[in-house]
Amino acid sequence: METLIGIDLNIAIENLKKGEPIGIPTETVYGLAADIKKPEAIAKIFEVKNRPSFDPLIVHLLDKEQLIEICQSIPEAFDLLYNAFCPGPITFILLKKEGVSDLITAGHPTVGIRFPNHPLTRQLLKLSKLALAAPSANPFGYVSPTSAQHVNNQLGGKISYILDGGECKVGLESTIIDLSKNEITILRLGGLSLEEIEDVLGYKIRAAKTSSSNPKAPGMLSSHYSPSKKVIFDKNDKEEILEDIDKIGSIRFNTYHPIIEKKNQWLLSEKGDLKEAARNLFKVLRETENTDLEYIYAEKFPDVGLGKAINDRLKRAAH
Ligand code: TXA
Ligand code: MG
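On a predicted model such as this, the values are computed, not experimentally measured, just so you know. (Residues numbered from 1 in each chain as written. Chains lettered and ligands numbered in written order. Predicted model: local features only at pLDDT ≥ 70, side-chain atom pairs only at ≥ 80, totals over all residues. Heavy atoms only, no water.)

J.: Please clarify how the packing of helix α3 (residues 76-85) against helix α7 (residues 194-201) should be interpreted in this entry.
T.: Packed helices, taken two at a time, are described by the angle their axes make and the gap between the axes. At a closest axis distance of 10 Å, the pairing of α3 and α7 adopts a crossing angle of 120°. With respect to α7, the element α3 is oriented oblique. Considering the relative orientation of α3 and α7, their crossing is right-handed. In contact with A77, L80, L81, A84 and F85 of α3, α7 contributes E196, I197, V200 and L201. Considering only residue class, the contact of α3 with α7 consists of eight nonpolar, no polar and one charged. (Axes fitted to C-alpha atoms, helices over the stretch in contact; angles between N-to-C directions. Helix = DSSP H or I, 4+ residues; strand = E, 2+ residues; numbered from the N terminus. Parallel < 35°, antiparallel > 145°, perpendicular 65-115°, else oblique. Left-handed = near helix turned anticlockwise from the far one by under 90°. Contact = heavy atoms within 4.5 Å. Nonpolar A, V, L, I, M, F, W, Y, C, P; charged D, E, K, R; others polar.)

So, in structure tokens, the structure goes:
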């Protein structure tokens with residue numbers, strides 16, 4: 001199949017109506033989207049990504065008016081967070097209505113809902129009037145794409161169209177918050193910081209524990225962002241380096257590692273801005289793939305704001 005890349009919403013909509021999944025830009029990462037009402041198209045998403053069927057998909061909507069068809073009851077916390085952050089990098093887990101396909105929810109009684117904040121994709125949702133199920137547009141277990149080129153590098157030839165919305169502004173997947181139970185929990189740290197969410201809710205929330213293989217805990221597989229290099233996370237700069245120094249690269253916040261060669265180091269934000277660092281993380285993980293390096297030493301980032309999500313992804317990459 002030939003993969004076209006462009007900004008033509010008519011072509012994008014045509015493909016969706018034909019049941020072809022397409023690449024779409026969001027502010028977090030690129031998604032691989034299909035109409036939630038087309039089971040064959042949803043099945044194709046799993047096939048193209050090589051994704052296990054127990055891992056449910058997020059449904060992308062233009063605004064909360066569309067929720068009536070998809071979710072049962074809307075808790076108060078939803079309204080608070082929606083008003084504060086949507087459209088934006090947060091996914092809500094809510095109790096689904098019966099009509100929502102088990103293919104999308106992997107048989108769970110809940111569904112993930114997100115209102116992406118990218119002008120092109122909002123235009124697509126508006127013109128098509130569709131609800132779009134979309135996981136990140138990467139092969140299962142690999143780093144999420146933050147540009148149309150990333151999507152094409154890995155899924156080119158397997159999908160018909162990629163809507164090119166430039167580089168993703170946030171660069172980390174959405175924060176997933178479970179509002180379907182008595183206690184609100186965070187299932188995945190992401191592009192919206194925990195502190196910002198807690199400020200709006202007015203109380204602290206707990207992050208649920210990750211698991212290496214428990215399909216009952218979707219969103220929480222601990223090994224998930226693996227590049228092909230061996231990533232070593234949070235090793236103290238003063239600890240002895242055991243590997244051959246020429247084979248070592250490093251991903252850092254804003255200062256160079258004292259021993260590793262400078263040309264093999266990536267600073268995610270020279271000015272020490274965690275948002276900029278988050279935006280660059282996946283791009284840099286991909287860049288390390290195009291080198292002969294064997295080991296990537298990743299520094300632990302400050303454990304505040306988006307630093308928490310950056311550390312989460314680096315830890316998973318090192319798993
Ligand atoms: O930023 C994002 O969230 C991106 C963009 C494309 O929207 N999407 C994304 O999708 O990261 P994906 O499929 O790569 O990750 C979605 C995560 C999965 O780990 C899945 O297990 C979890 O969300 N998830 C989806 N539905 C769920 C549900 N009903 N309950 C718990 N977790 C759910
Ligand atoms: Mg993903």
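Moving on from the model shown.
J.: Any chance you could explain the side chain of S269 here in plain terms?
T.: Within the secondary structure layout, S269 lies in the loop between β14 (265-267) and α8 (274-289). On the accessibility criterion, S269 (1% relative accessible area) is buried. If sequence neighbours within four positions are ignored, S269 has contacts with F253, N254, E276 and A277. (Buried < 20%, exposed > 50% of the residue type's maximum accessible area, 1.4 Å probe, protein only.)

J.: So what exactly am I meant to see when it comes to the environment of R313 here?
T.: Position of R313 among the secondary structure elements: in helix α9 (residues 306-317). Residue R313 is classed as buried on the basis of its relative accessible area of 1%. Along the primary structure R313 and L201 are separated by 112 residues, whereas in three dimensions their C-alpha atoms are 25 Å apart.

J.: Looking at this model, I keep getting lost on the environment of K169. Mind explaining?
T.: With respect to the helices, strands and loops of the structure, K169 is situated in the loop between β8 (161-163) and β9 (175-178). The class of K169 is exposed, set by a relative accessible area of 66%. With residues near it in sequence (within four places) discarded, K169 still touches E27 and R279.

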